[in-house]
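Here's the letter readout for the chains.
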Amino acid sequence: MSKIYEALKKAEEERERGRARTVGPATSSALTDPGAVIQEDYQRLRASVLSMTVPAGLHTILLVSAQHGEGTTTVALGLAMALARERETRVLLMEANLRSPSLKTLLPVPTSFGLSDYALGRAAPEAIVTRVDEWNLSVIPAGTQPATTVAVEAIEALLARLQTQFDFVVIDGPPVNVYADAAVIGSKVDGVILVFEADRTPVTDAESAKRQLDRVGARILGVVLNRQRSYIPAFLENLL
Ligand SMILES: Nc1ncnc2c1ncn2[C@@H]1O[C@H](COP(=O)(O)OP(=O)(O)OP(=O)(O)O)[C@@H](O)[C@H]1O
Ligand SMILES: [Mg+2]
């Protein structure tokens, strides 16, 4: 029995080490070592996304959670980086959560024009894209204006343009149970990935998020269960 315990303990420790590298205060280390954030989980996510999107010709993918803080930005960034690992794949990451933008703390993007500037007609589409060469990523940051939403026609026009220029447009969206614009964007993209936090997002919240996306005819590609933990079963610990 102790061998099983040791194996489980080791797996748990390895998982924790992997998680700390993947996210956590994450990103400062990610800035010096971009490769460190591209972990196995993201490679698996990338493979799932590719298997669903490439054959179907889907280019624009929105990530949303039910509530704040479930990991949408973290997962959107990880997915965009994993997709961009192939140098020839053109990936754009768009920060569409204008109320609580956080990409600038995670990526070396200058405080520059972004989606809010475009929303208010102060910047043209080509002026809001910033390049992060070292990660092979193009980024549309939240921007410099206090706008909180983008008119549906404007987002539609922007997406139409971007999907001719990029293989994938990954969008970090606002929580769908909190802000109506998440579902609006959901209705204009090719697919939506829901991000829920394991052991935290109530089932009713998850159901409500799905309902709102179904209502607007969004195509849900799947769910990322973020911060999933593996535990050593209590009965095993008790036997030791
Ligand atoms: N898998 C994870 N492991 C450890 N920390 C995580 C994980 N996912 C997210 N976090 C941390 O949790 C916090 C919230 O994550 P994040 O900003 O991605 O959530 P969000 O859904 O984008 O929040 P908001 O709705 O405010 O935009 C961040 O500090 C992030 O580093
Ligand atoms: Mg966020």
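Here, every reference points to the structure presented above.
Throughout this document, residue positions are counted from 1 along each chain, in the order its sequence is written. The order in which chains are written sets their letters, starting at A; the order in which ligands are written sets their numbers, starting at 1. Side-chain atom pairs in this predicted model are given and counted only at pLDDT of 80 or more, local residue features only at pLDDT of at least 70, and totals for whole chains, interfaces and linings cover all residues. For the side-chain quantities, the full set of heavy atoms in the structure was used; hydrogens and water were omitted.

S.K.: Before we move on, could you go through the overall build of the protein chain and cite the residues and values that matter?
M.R.: For the protein chain, the count of helices and strands is ten helices and seven strands. Any residue under 20% of the maximum accessible area for its type is buried, any over 50% is exposed, and the rest in between are partly exposed; the area is computed with a 1.4 Å probe on protein chains only. Across the 240 residues of the protein chain, 47% fall into the buried class. A fraction of 80% describes how many contacts in the protein chain between residues 6 or more apart in sequence connect residues 24 or more apart. Working note: accessible area of the protein chain is about 11,700 Å², and carbon and sulfur atoms make up 53% of it. Each helix corresponds to a stretch of at least 4 residues labelled H or I by DSSP, and each strand to a stretch of at least 2 residues labelled E; elements are numbered beginning at the N terminus. Residues count as neighbours in contact if any of their non-hydrogen atoms are within 4.5 Å of one another. Throughout, the Shrake-Rupley method with a 1.4 Å probe supplies accessible areas, and for residues the shown protein chains are the sole cover considered.

S.K.: Explain the environment of G114 to me, using residue names and the numbers behind them.
M.R.: Summarising the element assignment, G114 is placed in the loop between α5 (103-106) and α6 (115-119). Setting aside chain neighbours within four positions, we find G114 in contact with I128, I140, P141, A142 and G143.

S.K.: Can you break down unusual backbone geometry residue by residue, with the values?
M.R.: A positive phi is found at D199, a non-glycine position, where the angle reads about 65 degrees. With a relative accessible area of 69%, D199 lands in the exposed category. Within the chain, R227 stands out as a residue other than glycine whose phi angle is a positive 55 degrees. Tracing the backbone through its elements, the reader meets R227 in the loop between β7 (220-226) and α10 (234-238). Take R227: its relative accessible area is 49%, and that puts it in the partly exposed class.

S.K.: Give a description of the layout of surface pockets that names residues and reports values.
M.R.: Here the term cavity refers to a set of points on a 1 Å grid, laid over the protein atoms alone, in which a 1.4 Å probe fits but cannot get out; the term pocket refers to an open set having protein on both sides within 12 Å along at least five of seven lines, with lining residues being those that place an atom within 4 Å of a point. Grid points are joined across faces, edges and corners, and a volume is the space filled by probe spheres set on the points. Its volume calculated, the second largest pocket comes out at about 160 Å³. Residue lining of the second largest pocket: 15 residues in total, with G69, E70, T72, T73 and N97 positioned closest to the centre. In terms of residue count, the dominant contributor to the lining of the second largest pocket is helix α4 (residues 72-83) (three residues). Basically, the charged four are Asp, Glu, Lys and Arg, the nonpolar ten are Ala, Val, Leu, Ile, Met, Phe, Trp, Tyr, Cys and Pro, and anything else, Gly included, counts as polar. For the lining of the second largest pocket, a count of residues per class yields two nonpolar, twelve polar and one charged.

S.K.: Quick rundown of empty space enclosed by the protein? Include the residues and the values.
M.R.: The method is simple in principle: a probe with the dimensions of a water molecule rolls over the atoms, and the space it marks as empty is what remains. A full pass over the atoms with the stated rule returns one cavity of 30 Å³ or more. Considering only enclosed or pocket space, the largest cavity measures out at about 50 Å³ in volume. Lining the largest cavity are A96, L115, T148, T149, V150, I155, D181, V184 and I185. For the lining of the largest cavity, the leading source of residues is helix α8 (residues 181-186), giving three residues. A per-class count over the lining of the largest cavity returns six nonpolar, two polar and one charged.

S.K.: Please set out the sheet that holds strand β4 (residues 137-140) residue by residue, giving values where relevant.
M.R.: By this definition, two strands are paired if DSSP reports at least two bridges between them. One open sheet holds the seven strands; their spatial order is β3-β4-β2-β5-β1-β6-β7, and the pairing between them is mixed. The sheet terminates laterally at β3 (130-132) and β7, the two strands that pair on one side only. The average undirected angle you get between the axes of adjacent strands in this sheet is 25 degrees. Strand direction decides the pairing type here: strand β2 (residues 91-95) and strand β5 (residues 168-172), joined by five bridges, are parallel. Paired with L93 across the strands is V170, a residue of β5. The convention used is that axes are lines fitted to C-alpha atoms, helices contributing only their stretch in contact, and that angles between N-to-C directions extend from 0 to 180 degrees. Packing against the sheet, helix α7 (residues 152-165) makes contact with β1 (60-65), β2, β4 and β5, and its axis sits at approximately 160 degrees to β2.

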